[in-house]
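# Descriptive structure summary
As a plain string of letters, each chain reads:
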Amino acid sequence: MELPSKYLMEAVEQFNTLPGIGKKTALRLAVHMLGREKEEVEAFSRAFSKLKENVTFCKECGNISDREVCDICSSSRRNRSVICVVEDLRDVLAIENTQQYDGLYHVLGGHISPMDGIGPGDLNIENLLTRAQNGETEEIVLALSTTMEGDSTNFYLYKKLQPFSVNVSTIARGVAIGDELEYTDEVTLGRSIVNRMPYESSISRKE
């Protein structure tokens, strides 16, 4: 793609590094930013600089937070006996939007995917095992996406959690096979959380 400005080319290349952004979309975004006021572009740039400088990960659950412990983990209104295991922030937001869950979360940071070079050691699993034996946790809900990778990760976590005195459950299959949680409608996802089942039941159904 030949462009009349090296600066425009650099901007396009940066937008093109974002997931799901092709060259044409990157060019459209860069040209759009070029047409905005200088103050607006500077505010846009500052927002991302502040994001990188100030956002951290909650030491309890691994969720994105502005503080050492996130608002959910520090809330006295949450049910601290239940932990819902999800892949990332987007899944936390999806479940929170259902208003059907009042427990805590544990963010893995992805799922096991040998094809992508992601193994158990690359995920936030050890901290989950520590939380499982803290004496406060009674149930761990596996709420990973219903993809092959999500199911494999669920099974791995189930085996790792077996030695501990916690009930391991999974969301009901109102969420269609192959679906990402963030794209599931709130009513369906909410029902799947409320009607969760023991993980052993989901294994026997597949068999």
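Residues numbered from 1 in each chain as written. Predicted model: local features only at pLDDT ≥ 70, side-chain atom pairs only at ≥ 80, totals over all residues. Heavy atoms only, no water.

### A few points about the overall build of the chain
Scanning the chain from terminus to terminus reveals 9 helices and 7 strands. In the chain, which comprises 207 residues, the share counted as buried stands at 40%. Counting contacts in the chain only where the partners sit at least 6 residues apart, residues at least 24 apart contribute 55% of the total. Total accessible area computed for the chain in this model is approximately 12600 Å², and 51% of it derives from carbon and sulfur atoms. (Helix = DSSP H or I, 4+ residues; strand = E, 2+ residues; numbered from the N terminus. Buried < 20%, exposed > 50% of the residue type's maximum accessible area, 1.4 Å probe, protein only. Contact = heavy atoms within 4.5 Å. Areas by Shrake-Rupley, 256 points an atom, 1.4 Å probe, with all protein chains shown as cover.)

### Description of the sheet that holds strand 3 (residues 79-86)
With mixed pairing, the 5 strands of this open sheet are ordered in space as 4-3-5-6-7. The open sheet has two edge strands, strand 4 (103-107) and strand 7 (197-198), and neither has a second partner. In terms of strand pairing, strand 3 meets strand 5 (residues 139-142) through 4 bridges, oriented parallel. Residue pairing for strand 5: Val85 is matched across the bridge by Leu142. Each of strand 3 and strand 4 touches helix 5 (residues 89-98); the most contacted strand, strand 4, lies at about 160° to it. Docked against the sheet, helix 7 (residues 148-161) engages strand 3, strand 5 and strand 6 (167-170), running at close to 165° with respect to strand 5. (Pairing = 2+ DSSP bridges. Axes fitted to C-alpha atoms, helices over the stretch in contact; angles between N-to-C directions.)

### Focus: the nonpolar core
Ranked by internal contacts, the top residues of the largest apolar core, which has 39 residues, are Ile95 and Ile140. Within the residue set of this core, elements represented by two or more residues are helix 4 (71-74), strand 3, helix 5, strand 4, helix 6 (126-132), strand 5, helix 7 and helix 8 (186-194). A total of 5 residues in this core trace back to one element, the largest contributor, which is strand 3. Grouped together as the second largest cluster of nonpolar side chains are 7 residues, Leu8, Phe15, Ala30 and Met33 included. (Core = buried A, V, L, I, M, F, W, Y, C linked by side-chain atoms within 4.5 Å.)

### Some points on the pattern of salt bridges
Think of it this way: side chains of opposite charge can pair up when their charged atoms draw near. Tallied over the entire structure, the rule returns 7 salt bridges. Residue Glu40 pairs with Arg36 through a salt bridge whose shortest N-O separation is 3.8 Å. With relative accessibility at 37%, the residue Glu40 sits in the partly exposed group. Its relative accessible area of 32% is what places Arg36 among the partly exposed residues. Across the salt bridge formed by Glu68 and Lys59, the nearest N and O atoms sit 3.9 Å from each other. For Glu68, a relative accessible area of 55% translates into the label exposed. (Salt bridge = Lys/Arg side-chain N within 4 Å of Asp/Glu carboxyl O.)

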